[in-house]
Amino acid sequence: MRRLLSAFAVTSFLVTGLPALTLAQSLPGFTLFSGVKQENQLPFRLDFGGQANGWDRYILKIPAKRMKLAVGQFAITYPDYYKGTFDQKKIQVKVKGKAVPLSEVKWDKEGKLINIFPQEPVPAGSAVEVVLSNVKNPSFGGMYYFNCQVLSPGDVPLLRYMGTWILSIS
């Protein structure tokens, strides 16, 4: 009877514990003392767990309610202490699950900037996913603030702040 209870306890722990581990890097939770207001924090998902010095895929989301105007350029900045690498050939923008054709992707390593130019502007009111595949995470874990700015077609050529993804690499 004691073995049966022990087996049940271990099984219960695994069944309830694994979903929590799986969802740990799916979306930002409640972040205290981040310096970024809650309304400016953008959701994201790290497909392979955000392990230091590992390969990963970042899915950086922009909710439809934040997309008030069409977007002709996405500019993603990240901190100078982020020592990961990106494969600019494996960067996509998705709207409604479908990849948007891109005219160009530029990764400025020195400027800590990724510029993404869709062939056609992404329509206002669209939920957007910026997918960074084949990312090599930094060797050391930490919190990394990825900022998103956009440029609308026909707009004054100034980038507008959309929000911040707060990524945790462990």
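This is a predicted model, so every value here is computed, not measured. Counting from 1, residues in each chain are numbered in the order their sequence is written. pLDDT decides what is reported in this predicted model: residues at 70 or higher carry local features, side-chain atom pairs at 80 or more are listed and counted, and totals for whole chains, interfaces and linings draw on all residues regardless. Think of the side-chain values as coming from all heavy atoms in the structure, minus any hydrogens and water.

Q: An account of the overall build of the chain is requested, with residue identities and associated values reported.
A: Secondary structure counts use DSSP, requiring at least four H or I residues in a row for a helix and at least two E residues in a row for a strand, with both numbered from the N terminus. Helix and strand counts for the chain stand at 1 helix and 10 strands. Mapped from its N terminus to its C terminus, the chain presents α and β elements in the order α-β-β-β-β-β-β-β-β-β-β. Out of the 170 residues belonging to the chain, those deemed buried represent 36%. Long-range contacts, defined here as pairs at least 24 residues apart, represent 66% of the contacts in the chain between residues at least 6 apart. Exposure classes here rest on a 1.4 Å probe applied to the protein chains alone. A residue is buried below 20% of its type maximum, exposed above 50%, and partly exposed in between. Any two residues having at least one pair of non-hydrogen atoms within 4.5 Å are treated as being in contact.

Q: For the pairing of strand E3 (residues 73-77), give the residues involved together with the corresponding values.
A: Put simply, side chains in a regular strand alternate between the two faces of the sheet. Counting buried residues along E3, 4 of its 5 residues qualify, which places the element largely inside the surrounding structure. Here 5 bridges tie E3 to strand E9 (residues 142-151), and the two strands are oriented antiparallel to one another. When the sheet's bridge partners are listed, Gln73 is paired in E9 with Leu151. Here E3 runs beside strand E7 (residues 113-118); their pairing, made up of 4 bridges, is antiparallel. Among the inter-strand pairings, Ile76 is bridged to a residue of E7, identified as Ile114. For two strands to count as paired, DSSP must find a minimum of two bridges between them.

Q: How would you sum up the packing of aromatic side chains? Please name residues and give values.
A: Stacked, tilted and edge-to-face are the three classes assigned to paired rings of Phe, Tyr and Trp, where Trp is represented by its six-membered ring and a pair needs centres within 6.5 Å; plane angles under 30 degrees give stacked, over 60 edge-to-face, the rest tilted. Throughout the structure, instances matching the rule amount to 10 aromatic pairs. Judged by centre distance (5.6 Å) and plane angle (15°), the ring pair of Tyr82 and Phe86 falls under stacked. For Tyr82, a relative accessible area of 1% translates into the label buried. Owing to a relative accessible area of 8%, Phe86 belongs among the buried residues under this scheme. Chaining the aromatic ring pairs together yields one cluster made of Tyr58, Tyr78, Tyr81, Tyr82, Phe86, Trp107, Tyr144 and Phe146.

Q: Summarise the sheet that holds strand E5 (residues 98-99); cite the residues concerned and give the values.
A: In any sheet, the strands associate via hydrogen bonds between backbone groups, in a parallel or an antiparallel arrangement. Strand order across the open sheet formed by 5 strands is E1-E2-E8-E4-E5, with antiparallel pairing between neighbours. The open sheet has two free edges, formed respectively by strand E1 (44-46) and E5, since each of these has just one partner strand. Sheet topology note: the E1/strand E2 (residues 55-62) ladder contains 3 bridges and is antiparallel. Looking across to E2, one finds that Leu46 is bridged to Tyr58.

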